[in-house]
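Summary of structural features
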Amino acid sequence: MNSFKLTKRDANAFALDRRNFDVLDDQTAQHWRSDFLRCGTAQRSNPKRLIIELLNSCNLDCPMCRVGQYGVDLKRRMSLEHFREVLDQCKRVEMVRLNGLGESTLIPDFDAYLDELYTRFISVELITNGTASDKIYERILDRGGKLFFSWDAASKELFEVLRRPARWETCLQTLKNSCTYFGRLGQGHIGLIFTLQKTNIAHFTSVVQLAADSGVASVQMNVVKGGGTRWVDSEFSNISDQIHMAFEIAKRSTLRVFVPDQICGKRVEGATSASSGTHCSAPNDEALVRWNGDMQVCNMFNPFLIGNAFDGNFEKSRQSAFSELFSKKLNSSEGHPYCKDCVYMAEAYA
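Keep in mind that this is a model prediction, so the values were computed, not measured. (Residues numbered from 1 in each chain as written. Predicted model: local features only at pLDDT ≥ 70, side-chain atom pairs only at ≥ 80, totals over all residues. Heavy atoms only, no water.)

1. Some words on the packing of helix α4 (residues 80-89) against helix α5 (residues 110-119)
Under the convention used in this document: Axes here mean lines fitted to C-alpha atoms, for a helix over just the part in contact, with angles spanning 0 to 180 degrees between N-to-C directions. Every helix listed is a DSSP run of H or I at least four residues long, and every strand listed is a run of E at least two residues long, numbered separately from the N terminus. Throughout this description, any angle smaller than 35 degrees is read as roughly parallel, any larger than 145 degrees as roughly antiparallel, any in the 65 to 115 degree range as roughly perpendicular, and the remainder as oblique. By convention the crossing between two helices is left-handed if the near helix lies anticlockwise of the far one by an angle smaller than a right angle, and right-handed if it lies clockwise. By definition, residues are in contact when any of their heavy atoms lie within 4.5 Å. The classification used treats Ala, Val, Leu, Ile, Met, Phe, Trp, Tyr, Cys and Pro as nonpolar, Asp, Glu, Lys and Arg as charged, and all other residues, Gly among them, as polar.
Axis separation between α4 and α5 bottoms out at 11 Å; the angle between their running directions is 20°. Classified by the angle between their axes, α4 and α5 sit roughly parallel to one another. You can see that α4 and α5 cross each other, and the crossing is right-handed. Contacts between α4 and α5 involve Leu80, Phe83, Arg84 and Leu87 from the former and Ala112, Tyr113, Glu116 and Leu117 from the latter. Looking at the contact of α4 with α5, its residues break down into 6 nonpolar, no polar and 2 charged.

Pasting the structure below:
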């Protein structure tokens, strides 16, 4: 099949070529471009799980992320009209995870977005920095939804460094209020997401203990992206000790702890959660739509784009040649560099 015929069928081809391939090293880009010209359309149905970034902005300036370094910019939001348009195209969707490089609850009419989901009988998962009101969190729990609080430290001092300018006392009280409400309801889910960094290795066990004491249902370990792996190599023994102690705490409570089976390619002994770095099915099982309609391949925000969901193009993007190319290379020796040693654990959201 020549590239002219392919391009006629996939109108996004030239627009996405540079965005996808120019970020790769020259040799990898050459292979991917060559293989792309031999791809047809992907045979991929619409997923039951959808991840939507409502706002690409944040009220916190965390060192590992920096999305909020310039303050909150509400112009970088998905409009309610576009949100409806995306949902209208996803007839099979049963769950929407509100997650992104930003804090969804900052949108002034956030309740209207929840209304759209609830009128369609779609369950909600929210990943949040814990700075929203109790009312928002309670409304999600009322409908059996799931809350996942980003929580990277067990002390006021380090928490306020890693989650600046959040205040430990305020966030802790919000978490405890949500857990109390969750306990009374007997439905929904509250989890913590701990992003492992060089500065907080010694805090994992204490965060797990905090979760167990507070009535949190689960803790999952994420790992900071970028910055090299040297710190993991030198600290792996300490990381392993923290994980072992965390599992001991979990045994004495109803808390579930999810740790990836590998961290930067190093096998984690005793971990029971398969990570996408070992084998990944995320692009087939779920779809990610960014605030501007861009469709990336997974929950971990791999920059590879398969198309755009706006203007009725959700299904077309799922079936694009870019989608087919990524699927063919996934879980192979020629997989995308961003996917290497990925710690995404679908089980942690099940």
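2. Points about the sheet that holds strand β3 (residues 123-128)
Note the following rule: Whether two strands pair comes down to DSSP finding at least two bridges between them.
The 10 strands are arranged β7-β6-β5-β4-β3-β2-β1-β10-β11-β12 in an open sheet whose pairing can be described as mixed. Unpaired on one side and paired on the other, β7 (256-258) and β12 (305-308) mark the two borders of the sheet. Put simply, the sheet's adjacent strands are angled 20° from each other on average, direction ignored. Bridge count between strand β4 (residues 146-150) and strand β5 (residues 189-196): 5 bridges; the pairing is parallel.

3. Remarks on α5
As a reminder, the rule being used: Exposure is judged per residue with a 1.4 Å probe applied to protein chains only, and the accessible area is read against the type maximum: over 50% gives exposed, under 20% gives buried, and values in between give partly exposed.
Buried within α5 we find Phe110, Tyr113, Leu114, Glu116, Leu117 and Tyr118. Elements that come into contact with the buried residues of α5 comprise α4, β2 (95-98), β3 and α6 (134-142). Backbone geometry just after α5 places phenylalanine 121 at a positive phi near 60°.

4. Considerations on the pattern of salt bridges
Selection criterion: Whenever Lys or Arg places a side-chain nitrogen within 4 Å of a carboxyl oxygen from Asp or Glu, that contact is recorded as a salt bridge.
Overall, the coordinates contain 28 salt bridges when judged by the stated rule. The salt bridge involving lysine 251 is made with glutamate 248; its shortest N-O contact spans 3.1 Å. A residue pair is termed a helical-turn pair when its members lie 3 or 4 positions apart in one helix, as lysine 251 and glutamate 248 do in helix α10 (residues 230-251) at 3 residues. Judged by its relative accessible area of 65%, lysine 251 falls in the exposed class. Here the salt bridges do not stand alone but share partners, grouping Asp35, Arg38, Lys329 and Glu334 into one network.

5. Comments concerning unusual backbone geometry
At the junction of arginine 164 and proline 165, the peptide bond is cis and its omega measures out at 0° in the coordinates. For proline 165, the location among the structural elements is in the loop between α7 (156-162) and α8 (168-185). Positive phi, normally seen in glycine, also occurs at arginine 66, with a value near 70°. Mapped onto the secondary structure, arginine 66 falls in the loop between β1 (49-52) and α4. Using a relative accessible area of 32% as the deciding quantity, one classes arginine 66 as partly exposed. One non-glycine residue, phenylalanine 301, adopts positive backbone phi at about 60°.

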